[in-house]
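Chain and residue survey
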Amino acid sequence: MANDRKGKDGPKWYEQKGKRPGARSGPVGEWTRATGRDKARFYQETERPARPVRPDRPVRPAQPMRPARPDMPPRPRYAEEPVWEPDLPRDNMLAGRNPIREALKSGRDMEKLLVARGDLSGSAREIIAIAKERRIVVQEVDRTRLDALAPGHQGMVAFASAFRYSTVEDMLARAKERDQPPFLVVLDGITDPHNLGAIIRSAECAGAHGVIVAERRAVGLTPAAVKASAGAVEYLPVARVGNIPRVIEQLKQQGVWLYAAVTEGERYDTCDLSGPVALVIGAEGEGLSRLVLEKCDHRVALPLQGRIGSLNASVAAGILLYEVLRHRQPKA
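Overview of the structure. (Residues numbered from 1 in each chain as written. Predicted model: local features only at pLDDT ≥ 70, side-chain atom pairs only at ≥ 80, totals over all residues. Heavy atoms only, no water.)

The next point concerns the overall build of the protein chain. Within the protein chain one finds twelve helices and ten strands. Looking at the 332 residues of the protein chain, the share that counts as buried comes to 41%. Counting only contacts in the protein chain whose residues sit at least 6 apart along the sequence, the fraction spanning at least 24 positions is 77%. Of the accessible surface of the protein chain, which amounts to about 20900 Å², a share of 50% is contributed by carbon and sulfur atoms. (Helix = DSSP H or I, 4+ residues; strand = E, 2+ residues; numbered from the N terminus. Buried < 20%, exposed > 50% of the residue type's maximum accessible area, 1.4 Å probe, protein only. Contact = heavy atoms within 4.5 Å. Areas by Shrake-Rupley, 256 points an atom, 1.4 Å probe, with all protein chains shown as cover.)

Shown next as structure tokens:
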């Protein structure tokens, strides 16, 4: 600490005692072992000249503070969290603990349950337990986010599905009742409700027995998806599952062959798509996940002659659906 004080400010403590810094022996060894408080007292008693003012560097006058504009809102101290999901419209929103609890007890399907962070007291625990038992997505958010959605939320906001979900077992039973081999569509990571609605519409027109969607990181039966289906959800069951690879394994045990739609694979018009078939369609940007792709039996591709590297998910699904229909129809 003392070695940094060099210059013409006065003698140093080791110069006064005739000792160079770092020495450990000699007649002034007592000073070198002095405490820091004694050294600090030495520097306080030593006179130090005031810092000179340079005439060639004028002192900058203090700048007055800029007055705040009354028409400008105050700038937030942090980036605010988005308060709305575009795929979850307010028409199907439930606010308050009692409406959400009664809707869950009645068996109504839910897309998502938003809970205020840290508010897990009283009936909130019961509602969250019911939601998790029914495999409904539960997400903790800030209370300000719920305030923007519904003022009287009581710490909870839920979004109900626009239509009731079915099960994979019901789809297989539907195919058995019609005395037909199962014909299903599995969607992995489809997040656009218009794509989902268009795929459901094409699947119903092609004679499929059902559409399977993922529970997380995917769109469900929102009002936009139901509207895009043009009423097809009234006739075609849609199931929502938590694990797509596990469902693929279950379909394999039922004798269903899984065909993954990819950009590089066997041409769709050369594949044998007869018999029990399930088409696996992924999102346009990310495509199928690695595990889902490994679980599939075959990979089919559509030939692309232009410069665009992929087709719209609903368009690709429509082409493959009618290719399956062509194989399933009796030859004249």
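By definition, the strands of a sheet pair up through backbone hydrogen bonds, in either a parallel or an antiparallel sense. Taken in spatial order, the four strands of this open sheet run β1-β4-β2-β3, and their pairing is mixed. Across the chains shown, the open sheet's two edge strands, defined by having one partner strand only, are β1 (93-95) and β3 (138-141). Within this sheet the neighbouring strands show an average axis-to-axis angle of 20°, counted without direction. In this structure, β1 lies alongside strand β4 (residues 156-160), joined through three bridges in antiparallel fashion. In the sheet register, Leu 94 faces β4, and the bridge partner there is Ala 158. (Pairing = 2+ DSSP bridges. Axes fitted to C-alpha atoms, helices over the stretch in contact; angles between N-to-C directions.)

Pairs can form between side chains of opposite charge once their charged atoms are near each other. In total, this model carries ten salt bridges according to the counting rule given. Among the ionic pairs, Arg 117 bridges to Asp 142, the shortest N-O distance being 2.3 Å. Note that Arg 117 is positioned in the loop between β2 (110-116) and α5 (123-133) and Asp 142 in the loop between β3 and α6 (143-149), a separation of 25 residues in sequence. Judged by relative accessible area, Arg 117 falls into the partly exposed class, the value being 46%. For Glu 249, the salt bridge identified is with Lys 295, shortest N-O distance 3.0 Å. In this pair, Glu 249 sits in helix α10 (residues 244-253) while Lys 295 sits in helix α11 (residues 290-295), placing the two residues 46 residues apart along the sequence. (Salt bridge = Lys/Arg side-chain N within 4 Å of Asp/Glu carboxyl O.)

Our next topic: the sheet that holds strand β10 (residues 298-301). Pairing is parallel in the open sheet, where six strands are placed in the order β7-β6-β5-β9-β8-β10. Each edge of the sheet is formed by a strand with only one pairing partner; in this case those strands are β7 (238-241) and β10. Here the strands of the sheet are splayed against their neighbours by 30° on average, with no regard to which way each runs. Alignment of strand β5 (residues 183-188) against strand β6 (residues 210-214), held across three bridges, turns out to be parallel. The partner of Val 186 across the bridge, within β6, is Ile 212.

Attention shifts here to the nonpolar core. Val 185, Leu 187, Leu 196, Ile 200 and Val 211 are the most contacted members of the largest nonpolar core, which totals 36 residues. The greatest single-element share of this core, amounting to six residues, is contributed by helix α12 (residues 313-328). Listed in part, the 22 residues of the second largest apolar core include Val 241, Ile 244, Ile 248 and Leu 288. (Core = buried A, V, L, I, M, F, W, Y, C linked by side-chain atoms within 4.5 Å.)

Looking only at α10, the buried set comprises Ile 244, Pro 245, Val 247, Ile 248 and Leu 251. Around the axis of α10, the buried residues are gathered within 160° of arc, so they sit on the same side. Of the exposed residues in α10, those oriented more than 90 degrees away from the buried face are Arg 246 and Gln 253. Backbone geometry just downstream of α10 places Gly 255 in the positive-phi region, at approximately 85°. (Arc of directions from axis to C-beta.)

A word on the pairing of β7. Burial along β7 is two-sided: Val 238 and Arg 240 facing one way and Ala 239 and Val 241 facing the other are all buried. In this sheet, β7 lies alongside β6 in parallel orientation, the contact comprising four bridges. Opposite Ile 212, over in β7, you have Ala 239 as the bridge partner. At this point the chain moves from β6, through helix α9 (residues 223-228), to the parallel β7, and the crossover so formed is right-handed. (Right-handed = clockwise from strand over helix to strand, strands pointing away.)

Further remarks concern the side chain of Glu 215. Structurally, the position occupied by Glu 215 is in the loop between β6 and α9. Excluding its chain neighbours within four sequence positions, the residues that come into contact with Glu 215 are Arg 135, Val 137, Arg 240, Val 241 and Gly 242.

At a closest axis distance of 10 Å, the pairing of helix α4 (residues 97-105) and α5 adopts a crossing angle of 30°. Compared by their axis directions, α4 and α5 come out roughly parallel. As α4 packs across α5, the resulting crossing turns out to be left-handed. Seen from α4, the contacting residues are Arg 97, Ile 100, Arg 101, Leu 104 and Lys 105; seen from α5, they are Ser 123, Ala 124, Glu 126, Ile 127, Ile 130 and Ala 131. When the residues that make up the contact of α4 with α5 are grouped by side-chain class, the tally is six nonpolar, one polar and four charged. (Parallel < 35°, antiparallel > 145°, perpendicular 65-115°, else oblique. Left-handed = near helix turned anticlockwise from the far one by under 90°. Nonpolar A, V, L, I, M, F, W, Y, C, P; charged D, E, K, R; others polar.)

Geometric descriptors of this kind do not, in isolation, establish any biological role.
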